[in-house]
Amino acid sequence: MPHLPESDVPVRLHDALLARGETVAAAESLTAGLFCATLATVPGASATLRGGVVVYATELKTALAGVPAELLAEHGPVSPETAGALADGVRERCGATWGVGLTGVAGPDPVDGHGPGRVYLGISGRGRTDVVELDLPGDRAAVRAGTVTTAMEALLARLG
């Protein structure tokens, strides 16, 4: 049996998606694949997790997730606009019902004027894209883990 995270959030997300016949894909910057890896700990995750892209480098946000280069030039890689575009792009490119876009600063140093713990979370699906701004406490590991849990909880909330 695979080791499941201590939180039941990944299981609840998988079960909710499965019950609706829906899927998710993620474009991950600061989390570097942790969202997908966490959901994949749930047995049967292949029924709900379409895939994802790790877009740590700014130019990969355009090349792999379809974020317009002009948007990145105007708003930067850590912005609400970028999070929304990541979510839209990965949903479309992976053929998923839902797209999750994660960008931010894990720390310890600020990036582009944003302090450690500043995260933008985009969720795309059902005809709209929502973006949430977070300020998460802790070190790099805590910020990344908190981002994943918050993203899964936000998607659960959107599922209703």
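Above: the structure in question.
Here the structure is a predicted model, which is why all the values come from computation and not from measurement.

The rules behind the values
- Residues numbered from 1 in each chain as written.
- Predicted model: local features only at pLDDT ≥ 70, side-chain atom pairs only at ≥ 80, totals over all residues.
- Heavy atoms only, no water.
- Pairing = 2+ DSSP bridges.
- Helix = DSSP H or I, 4+ residues; strand = E, 2+ residues; numbered from the N terminus.
- Axes fitted to C-alpha atoms, helices over the stretch in contact; angles between N-to-C directions.
- Contact = heavy atoms within 4.5 Å.
- Core = buried A, V, L, I, M, F, W, Y, C linked by side-chain atoms within 4.5 Å.
- Buried < 20%, exposed > 50% of the residue type's maximum accessible area, 1.4 Å probe, protein only.

Time to look at the sheet that holds strand 1 (residues 24-28). Ordered by their spatial adjacency, five strands build an open sheet running 2-1-3-4-5, and the pairing between neighbours is mixed. With partners counted over all chains shown, the strands left at the sheet margins are strand 2 (49-54) and strand 5 (128-135), one partner each. Across the sheet, the mean angle separating the axes of adjacent strands is 15° when strand polarity is ignored. Sheet topology places strand 4 (residues 118-125) next to strand 5; eight bridges connect them, and they run antiparallel.

All right, on to the side chain of Lys61 then. Along the chain, Lys61 falls in helix 3 (residues 58-63). In this view, Lys61 contacts Ser29, Val55, Tyr56, Gly66, Val67, Leu72, Pro77, Thr82, Leu86 and Thr103; residues no more than four positions away in its chain are not counted.

This part is about the nonpolar core. Judged by nonpolar contacts, the single largest core of 28 residues is most densely connected at Leu13, Val24, Phe35 and Val100. At the level of elements, helix 1 (9-20), strand 1, helix 2 (34-39), strand 3 (98-104), strand 4 and helix 6 (140-159) are the ones that each hand at least two residues to this core. Those residues in contact with Val100 that sit more than four places away from it in its chain are Val24, Ala25, Ala26, Ala27, Phe35, Ala87, Val90, Leu121, Gly122, Ala151 and Leu155. In terms of nonpolar packing, the next biggest core, distinct from the first, is built from 13 residues, Val53, Leu71, Leu72 and Ala96 among them.

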